[in-house]
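Secondary and tertiary structure notes
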Amino acid sequence: MSTRIPTRRAAGPAASRTGRLLSWLAPLLTVGGLIALWQGYVRWHEVDPIVLPAPTDVANALWRDRELLLTATEHTLLVLLLGLVAALALGTLCGIALHRSPALRRALEPLLVGSQAVPIPILAPLLVVWLGFGLTPQLVLVVVVAFFPVAVATRDALAGLSPETALVLRNLGATPAQRLRLVELPGALPGILTGVRLAVVFAVIGAVFADATGQSATTAADPTSSGGLGRIVADAVPQLQTDRAFAAIVLLVALSLALFWSLGGVERRLDRRSSPSLPI
Amino acid sequence: MSVVDDPAPPAPGTSQAEQAPHTPASPAPSVVAELRAATVRHGETTLLPPVDLTVNAGEVVAIVGRSGVGKTTLLHVLAGLLAPTSGDVTAHPAALMPQRDGLMPWATARDNAALPLRVAGLPRADARAQAERQLDALGLAGLGGRRTARLSGGQRQRVALARTLLTGRELLLLDEPFAAVDALTRDELHDLLLAHLGAEGRAAVLVTHDVEEAVRLADRLLVLTRGAGLVMPAVPLLARPGDRLAARGGESLRAAVLEELAR
């Protein structure tokens, strides 16, 4: 029997390099193709740029309004990062609490799920009424929407501990704190990170709504004051500057992707590392 | 149940004391664990029939019996994880190696083996260095940095054994430790276990459903049936486990155990 079964590995490093290239090329091609279609459609049918600006118009707006967009991006990024860090801390703590106490789980579950059922467009202006303008209501909104996936992921990941390992820990006389630090959290880390990655998507939506409702009164006179990208979208559409609104959306998408991918990178690095453990 | 560091000597005249293997080097073998009419019941169900058992320092006691007869329960009682419903237990702190290894699959062999040391409060670097040495001694040199999820079944059992040994406790409780490995690996692991127990003078209680294995490894056998635990006479102590099977006592003991189990 000398038939060789072709395998991926047998194809050698050259093949894996093409594979890697393809994995980069594929998303570029789909996105590029879509943009080309869009451009062609708008030009062919001579669509009014107020209704649908062509990709070149959007690119133009990106450059033309770069200062306005840059400050807005900075603002949104700040809200997102602060909100995500807070959501990670609160979500992890909440997940640990839910894992530890079945009574607490029963008590909090309706509240947690309920908090996710409240529509963001309704919650956003209410938070402004309660907390005033500024960063606080925006952060609160991001945390409210982003902490839920983190809490659920943490709870599920912590529940993944095998009963045998639990027996060993009991036999060793490990304290609950040791159990958490040495075994449960390191084991749950990948799961928690997946939760954070999901939370990014929710957080961006939360940040945009918070922004859009937050400061219309103050930013009407001076649009560059302290609004984020959501503010720009909300203002640009009634001002018939659709290209600017699209430019802001492009930046929002780029922000989400950058956050999503860098968290994916952290996850992969953690996976490659010999053994995840806490730096304690 | 009570766990004591220095248990009282066994009551004179009990059958277990008479059956203790006589080792000239230690004329008065000290007792590391003792059960007296210990039972575990959960409602109407009997999880452990009344058992009398004395484990002396340095000896291997094998527990054989059918599934569901209470072998694992007995280990948990000895480990202090379960209090007997009636009867008495005195035992030194014991190290449990549960069925299906209980390793953390995401962690390295080194970190898994180091767990008892970390729980004992050793700094990470020291714990890892000690774990690495123990893994080397168990034939896992160079594999300390590998995740246990990527080890073979036999290698995982070695890691679990390393973790159990690193507790430093003088009584090891092994719950079917070699059930999931192939016959060749099992032989290797048997030799390894006996070598380590012998070198360090530790005692072990070994649960197995494999009579062959029990006869080969044990100084004494406890046959657990639905009625009660019955301690079989000692196997003649010979230098190598292979010799035990060959010894006259080995064959007849094996037959006796099988007969007992068939009842």
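Residues numbered from 1 in each chain as written. Chains lettered and ligands numbered in written order. Predicted model: local features only at pLDDT ≥ 70, side-chain atom pairs only at ≥ 80, totals over all residues. Heavy atoms only, no water.

**Thoughts on the overall build of chain A**
- Summing up its helical and strand segments, chain A has 11 helices and 0 strands in all.
- Taken from N to C terminus, the helices and strands of chain A fall in the order α-α-α-α-α-α-α-α-α-α-α.
- Looking at chain A as a whole, 38% of its 280 residues are labelled buried.
- The contacts in chain A between residues at least 6 apart in sequence include a share of 71% that link residues at least 24 apart.
- When the accessible surface of chain A is summed, it comes to about 15,800 Å², and 71% of that surface belongs to carbon and sulfur atoms. (Helix = DSSP H or I, 4+ residues; strand = E, 2+ residues; numbered from the N terminus. Buried < 20%, exposed > 50% of the residue type's maximum accessible area, 1.4 Å probe, protein only. Contact = heavy atoms within 4.5 Å. Areas by Shrake-Rupley, 256 points an atom, 1.4 Å probe, with all protein chains shown as cover.)

**Comments concerning the interface of chain B and chain A**
- Contacts between chain B and chain A engage 27 residues on the former and 27 residues on the latter.
- Both faces combined, the contact of chain B with chain A buries some 2,100 Å², and carbon together with sulfur accounts for 55% of it.
- Three residues, B:Leu81, B:Trp106 and B:Val119, lead the burial of chain B against chain A; their summed loss comes to 29% of the area buried on that side.
- Inspection of the region where chain B meets chain A yields 1 salt bridge.
- The salt bridge partner of B:Arg100 is A:Glu164, with a shortest N-O separation of 2.9 Å.
- For the pair chain B and chain A, the interface holds 7 residue pairs in polar contact (both at pLDDT 80 or more).
- Broken down by secondary-structure element, the contributors of at least two residues to the side of chain B that touches chain A are helix H2 (71–79), strand E6 (94–97), helix H4 (115–119) and helix H5 (124–137) of chain B.
- Tallying contributions element by element places H4(B) first for the side of chain B that touches chain A, with 4 residues.
- The residue makeup of the side of chain B that touches chain A, split by class, is 13 nonpolar, 6 polar and 8 charged. (Buried area = accessible area lost by both parts, 1.4 Å probe. Salt bridge = Lys/Arg side-chain N within 4 Å of Asp/Glu carboxyl O. Polar contact = N/O pair within 3.5 Å; in protein donor to acceptor, adjacent residues only side chain to side chain. Nonpolar A, V, L, I, M, F, W, Y, C, P; charged D, E, K, R; others polar.)

**Focus on the packing of aromatic side chains**
Residues and elements named next belong to chain A.
- Overall, the coordinates contain 1 aromatic pair over all chains when judged by the stated rule.
- Ring geometry for Trp38 and Phe246: centres 5.6 Å apart, planes at 50°, overall tilted. With Trp38 in helix H1 (residues 12–45) and Phe246 in helix H11 (residues 242–272), this pair connects stretches of sequence that are 208 residues apart.
- Trp38 gets classed as partly exposed once you look at its relative accessible area, which sits at 24%.
- Judged by relative accessible area, Phe246 falls into the partly exposed class, the value being 22%.
- Geometry around Trp63 places Arg66 over its ring, the cationic atom sitting 4.1 Å from the centre.
- In this arrangement the basic side chain of Arg197 is found over the ring face of Phe260, its NZ or CZ atom lying 4.9 Å from the centre. (Phe/Tyr/Trp six-rings, centres within 6.5 Å; stacked < 30°, edge-to-face > 60°. Lys NZ or Arg CZ within 6 Å of the ring centre and 35° of its normal.)

**Observations regarding the pairing of strand E7 (residues 171–175) of chain B**
Residues and elements named next belong to chain B.
- Burial analysis of E7 places 5 of its 5 residues in the buried class, the great majority of the element.
- The alternating pattern of E7 places Leu171, Leu173 and Asp175 on one face and Leu172 and Leu174 on the opposite face, and all of these are buried.
- Pairing geometry for E6 and E7, over 4 bridges, is parallel. Within the sheet, the bridge partner assigned to Leu96 lies in E7 and is Leu173.
- Examined bridge by bridge, E7 and strand E8 (residues 203–208) share 5 bridges and lie parallel to one another. By the bridge assignment, Leu171 is partnered in E8 with Ala203.
- Read as a crossover between parallel neighbours, the route from E7 over helix H7 (residues 183–200) to E8 is right-handed. (Pairing = 2+ DSSP bridges. Right-handed = clockwise from strand over helix to strand, strands pointing away.)

**Side note on unusual backbone geometry**
All names here are of chain A.
- Here Glu46, not a glycine, exhibits a phi torsion of approximately 50°, which is positive.
- Relative to the assigned elements, Glu46 resides in the loop between H1 and helix H2 (55–64).
- One non-glycine residue, Leu240, adopts positive backbone phi at about 60°.
- Residue position: Leu240 is located in the loop between helix H10 (229–236) and H11.

**Observations concerning the confidence of the model for chain B**
All names here are of chain B.
- This prediction gives chain B a mean pLDDT of 78; 76% of its residues lie at or above 70.
- Confidence, expressed as mean pLDDT per element, reaches its minimum in chain B at strand E1 (residues 2–3) with 37 and its maximum at H4 with 95.
- Confidence drops under pLDDT 50 across residues 1–28; counting only partners more than four residues distant or on other chains, this segment forms 39 contacts.
- Contacts of residues 233–242 to residues separated by more than four positions or lying in other chains number 22 contacts, the stretch itself having pLDDT below 50. (pLDDT = per-residue confidence, 0-100.)

**Topic: the environment of A:Leu123**
All names here are of chain A.
- Note that Leu123 resides in helix H5 (residues 120–131).
- Counting along the chain gives 90 residues from Leu123 to Thr213, while the straight-line C-alpha distance between them is 10.0 Å.
- Aside from chain neighbours lying at most four places away, what touches Leu123 is Val118, Leu141 and Val144.

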